[in-house]
Amino acid sequence: MKKIIYIFLAVVIGILLGVIFDGLLETWWISHNLAQGVVPKINNNWDFASYLPWQLSLGILALGLAFGFQLGFWGWRVVYIEKRHWRNRK
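Source: prediction; values computed, not measured. (Residues numbered from 1 in each chain as written. Predicted model: local features only at pLDDT ≥ 70, side-chain atom pairs only at ≥ 80, totals over all residues. Heavy atoms only, no water.)

Trainee: When you look at the overall build of the protein chain in this model, what are you seeing that I'm missing?
Mentor: Across its full length, the protein chain carries 2 helices and 2 strands. N-terminal to C-terminal, the α/β element order of the protein chain is α-β-β-α. Taking the contacts inside the protein chain whose residues are at least 6 apart along the sequence as the reference set, 59% of them involve residues at least 24 apart. Summed over all atoms, the accessible surface of the protein chain reaches about 7100 Å², with 70% contributed by carbon and sulfur. (Helix = DSSP H or I, 4+ residues; strand = E, 2+ residues; numbered from the N terminus. Contact = heavy atoms within 4.5 Å. Areas by Shrake-Rupley, 256 points an atom, 1.4 Å probe, with all protein chains shown as cover.)

Trainee: Mind showing me how you'd approach the confidence of the model for the protein chain here?
Mentor: When pLDDT is low, close inspection of the predicted coordinates is not appropriate. Per-residue pLDDT for the protein chain averages 86, and the proportion of residues at 70 or more is 89%. Model confidence for the protein chain, summarised as mean pLDDT per element, is weakest for strand E1 (residues 43-45) at 69 and strongest for helix H1 (residues 2-35) at 93. (pLDDT = per-residue confidence, 0-100.)

Trainee: Explain the packing of aromatic side chains to me, please; I cannot follow it from the model alone.
Mentor: Note on aromatic pairs: each is described by the distance of the centres and the angle between the planes. As enumerated under the stated definition, the model contains 5 aromatic pairs in all. An aromatic cluster is built from Tyr6, Trp76 and Tyr80, whose rings are joined through pairwise contacts. (Phe/Tyr/Trp six-rings, centres within 6.5 Å; stacked < 30°, edge-to-face > 60°.)

Trainee: Hey, could you run me through the packing of H1 against helix H2 (residues 54-81) in this one?
Mentor: Two packed helices can be described by the angle between their axes and the distance between those axes. Two numbers describe how H1 lies on H2: the axes approach to 7 Å, and their chain directions differ by 145 degrees. Note on packing geometry: the crossing formed by H1 with H2 is right-handed. Its residues assigned to classes, the contact of H1 with H2 comprises 21 nonpolar, 7 polar and 3 charged. (Axes fitted to C-alpha atoms, helices over the stretch in contact; angles between N-to-C directions. Left-handed = near helix turned anticlockwise from the far one by under 90°. Nonpolar A, V, L, I, M, F, W, Y, C, P; charged D, E, K, R; others polar.)

Quick look at the structure:
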C-alpha cells in the first residue's frame, strides 16, 4: 500500500510540473506573439481553451505523467530498496 501511495504522489508531482511548464510555455508564446504585433488566437477544441495547439498541451501533460511514474519508481528503489537516503549516511 505504501508503494502505491508513493508512486501516486510522484505522478501527481509530475502532472503538476507538466501543468506549470505548459503555463510557462503558453505565457511565453502569448508575449512573443504580442511583441511581434500579432494577436494570438484561442484554440478552443472540446472546451479546452488554449493558445497552444491542444496536441502540444496534451503531450506536455503526458510527459509530466511519464516523468512522475519514473520519479516514483526511481524514488521507491532509492529509498526503500537500496536505502540510500539521508538517514543512512554515516
